[in-house]
2 protein chains.
Amino acid sequence: MAAYTPSALKAELNERGWRMTPQRETMLKTFQNLPEGTHLSAEDLCELLSQEGEPISLSTIYRNLKLMARMGILRELELAEGQKRYEINQPAPHHHHHLICVRCNKTIEFKNDSVLKAGAKTADRSGYHILDCQLLIHGICPSCQRSIVPI
Amino acid sequence: MAAYTPSALKAELNERGWRMTPQRETMLKTFQNLPEGTHLSAEDLCELLSQEGEPISLSTIYRNLKLMARMGILRELELAEGQKRYEINQPAPHHHHHLICVRCNKTIEFKNDSVLKAGAKTADRSGYHILDCQLLIHGICPSCQRSIVPI
DNA sequence: TGCTTATTGAGAATGACTCCGAAGACTGGT
DNA sequence: ACCAGTCTTCGGAGTCATTCTCAATAAGCA
Ligand SMILES: [Mn+2]
Ligand SMILES: [Mn+2]
Ligand SMILES: [Zn+2]
Ligand SMILES: [Zn+2]
């Protein structure tokens, strides 16, 4: 299960008539080097890259996040309210799912291979080429259950 | 597995210091009477209610969709791009999941009780009070695989 | 019935995301 | 190595789903 390389990305892009760019390589490497459990928004990534001295314009970031998600390289998550977040799309055994508190947005990652297998089987039965399989559980975390504050 | 009644909603609201309103009752009944597989956006619901002669303002609809989702009555789905969609949150055996084509947004609903059970177990282990459990599979549908158009 | 305060409705405001057009830079072929 | 073709980037303008504001309304409760 070797990491996805820049040249593999280039090959896949060229195959479809698209092009490899320094921005795309930077984005790929950045996501690959992120600690586990990091979920970046477009804005987050833009700031991170600026801090690291490799700035990429926000519109390019948006364009390539979408592209890489549709290629199955990144997964697009709707965790907190209001903005999409992205992480590298790892195959099993690194593949995982998310449990989110709807009040405080506390997020727990968990693995479950049988869910992944069930998803793959379902996609296959319908002839879909699978890109991502994510189990999303919304709930109320223990501390929010104790808090008096409603909603 | 009787349907959730308006008076049950009222009880649950009052318990938290909130109020039952005609608008909330209308929204509940509308979702309950929708054919299976219907996923409404806020705008969709607003238009539907207007057509049926029971108009509710768009801001009230947004407010109550969010409220009812956080109560676990509705489930909030991010299916197509750009807007959230809602459906009634049914327990097993009506509970289901979604398989979506990232190119044409064709959506297939499917049931899988073992996934639901796995989700419930995970939430429980972390002490979360579960509100919704949805397996989201993104892929490319058979007809989009055949089409020449990229992305 | 009357008081308190949650809720509604209409419009304004917000902000995540997309679009646009000119300048720049990959790719494949010579 | 160079060139033509066109894909991509950048920055700013534009879009639109969603949230906010606040005066008017109406649940819930004693
Ligand atoms: Mn994650
Ligand atoms: Mn559905
Ligand atoms: Zn919480
Ligand atoms: Zn499709």
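Criteria and cut-off values
Residues numbered from 1 in each chain as written. Chains lettered and ligands numbered in written order. Predicted model: local features only at pLDDT ≥ 70, side-chain atom pairs only at ≥ 80, totals over all residues. Heavy atoms only, no water. Core = buried A, V, L, I, M, F, W, Y, C linked by side-chain atoms within 4.5 Å. Buried < 20%, exposed > 50% of the residue type's maximum accessible area, 1.4 Å probe, protein only. Contact = heavy atoms within 4.5 Å. Domains from an automatic or database assignment. Salt bridge = Lys/Arg side-chain N within 4 Å of Asp/Glu carboxyl O. Near = heavy atom within 4 Å. Polar contact = N/O pair within 3.5 Å; in protein donor to acceptor, adjacent residues only side chain to side chain. Helix = DSSP H or I, 4+ residues; strand = E, 2+ residues; numbered from the N terminus. Donors = N, O, S within 2.8 Å, 3.2 Å for Na, K, Ca; no water. Tetrahedral: all angles 85-135°; square planar, octahedral: opposite > 155°, others 65-115°. Least-squares fit on C-alpha atoms with pLDDT ≥ 70 in both. Nonpolar A, V, L, I, M, F, W, Y, C, P; charged D, E, K, R; others polar.

A. Examining the nonpolar core more closely. Core analysis: the largest hydrophobic core is formed by 32 residues, its most contacted members being Leu135 and Ile137 of chain A together with Leu135 and Ile137 of chain B. In contact with Leu135 of chain A, other than residues within four places in its own chain, are His97, His98, Phe110 and Val115 of chain A together with Val115, Gly119, Cys133, Gln134 and Leu135 of chain B. Listed in part, the 24 residues of the second largest apolar core include Ala42, Leu49, Ile61 and Leu74 of chain B.

B. Molecular detail of the domain arrangement of chain A. All names here are of chain A. What the domain assignment reports for chain A is domain 1 (1-90) and domain 2 (91-151). Here domain 1 and domain 2 have C-alpha centroids that lie 21 Å from each other. Between domain 1 and domain 2, the residue contacts involve 17 residues of the former and 14 residues of the latter. If you look at where domain 1 meets domain 2, you find one salt bridge.

C. Highlighting the protein's contact with DNA strand D. Contacts to DNA strand D come from 23 residues, most closely from Arg19, Arg24, Thr60 and Arg63 of chain A together with Tyr62 of chain B. Interatomic distance of 2.8 Å between a side-chain N/O atom of Arg19 of chain A and a base oxygen of DNA strand D. In this structure, Gln23 of chain A approaches DNA strand D through a side-chain N or O atom, which is 2.9 Å from a sugar or linking oxygen. Elements with a minimum of two residues in the surface near DNA strand D: helix 2 (22-33) and helix 4 (58-70) of chain A together with helix 1 (6-15) and helix 4 (58-70) of chain B. With four residues, helix 4 of chain A is the single largest residue contributor to the surface near DNA strand D.

D. Spotlight on the coordination of the manganese ion (ligand 2). All names here are of chain B. Around the manganese ion (ligand 2), the donor atoms from the protein are His39 (NE2), Glu87 (OE), Glu87 (OE), His96 (NE2), His98 (NE2) and Glu109 (OE), and they sit 2.0 to 2.8 Å away. Each of the six donor atoms around the manganese ion (ligand 2) contributes to a set of angles spanning 50 to 169°, which defines the coordination as irregular. All donors to the manganese ion (ligand 2) come from one chain, and their sequence spacing reads H-x47-E-x8-H-x1-H-x10-E. With His39 in the loop between helix 2 (22-32) and helix 3 (42-51) and His96 in the loop between strand 2 (85-88) and strand 3 (97-101), this pair connects stretches of sequence that are 57 residues apart. One exposure class covers both His39 and His96, and it is buried.

E. Representation of the pattern of salt bridges within the structure. Scanning all chains against the criterion turns up 14 salt bridges over all chains. Of the charged contacts, one joins Glu25 of chain A and Lys29 of chain A as a salt bridge, the two residues approaching to 3.4 Å between their closest N and O atoms. Here Glu25 of chain A pairs with Lys29 of chain A, and both are found in helix 2, just four residues apart, close to one helical turn. Its relative accessible area of 26% is what places Glu25 of chain A among the partly exposed residues. Between Lys66 of chain B and Glu76 of chain B there is a salt bridge whose closest N-O contact spans 3.0 Å. With Lys66 of chain B in helix 4 and Glu76 of chain B in strand 1 (residues 74-77), this residue pair connects regions lying ten residues apart in the sequence.

F. Here's a closer look at the relation of the copies chain A and chain B. Overlaying chain A on chain B yields an RMSD of 0.1 Å, the required transformation being a rotation through 180° with an accompanying axial translation of 0.0 Å. Accordingly, the operation relating the two chain copies is best matched by a two-fold axis. Proximity to the rotation axis, assessed at the C-alpha, singles out Leu135 of chain A in chain A; its C-alpha lies 2.1 Å from the axis. Counting the interface residues of chain A, we find that 100% of their copies in chain B are interface residues as well, pointing to one common contact surface.

G. How the structure looks around the protein's contact with DNA strand C. Neighbouring DNA strand C are 23 residues, the closest being Lys10 and Arg19 of chain A together with Thr21, Arg24 and Thr60 of chain B. Sugar and phosphate atoms form 70% of the subset of DNA strand C atoms that lie within 4 Å of the protein. Lys10 of chain A is positioned with one of its side-chain polar atoms (N or O) 2.8 Å from a phosphate oxygen of DNA strand C. The side chain of Thr21 of chain B places a nitrogen or oxygen atom 2.9 Å from a phosphate oxygen of DNA strand C. Of all elements in the fold, only helix 1 (6-15) and helix 4 of chain A together with helix 2 and helix 4 of chain B reach the threshold of two or more residues within the surface near DNA strand C. It is helix 4 of chain B that provides the largest number of residues to the surface near DNA strand C, a total of four residues. Among the residues forming the surface near DNA strand C, the class breakdown is five nonpolar, eleven polar and seven charged.

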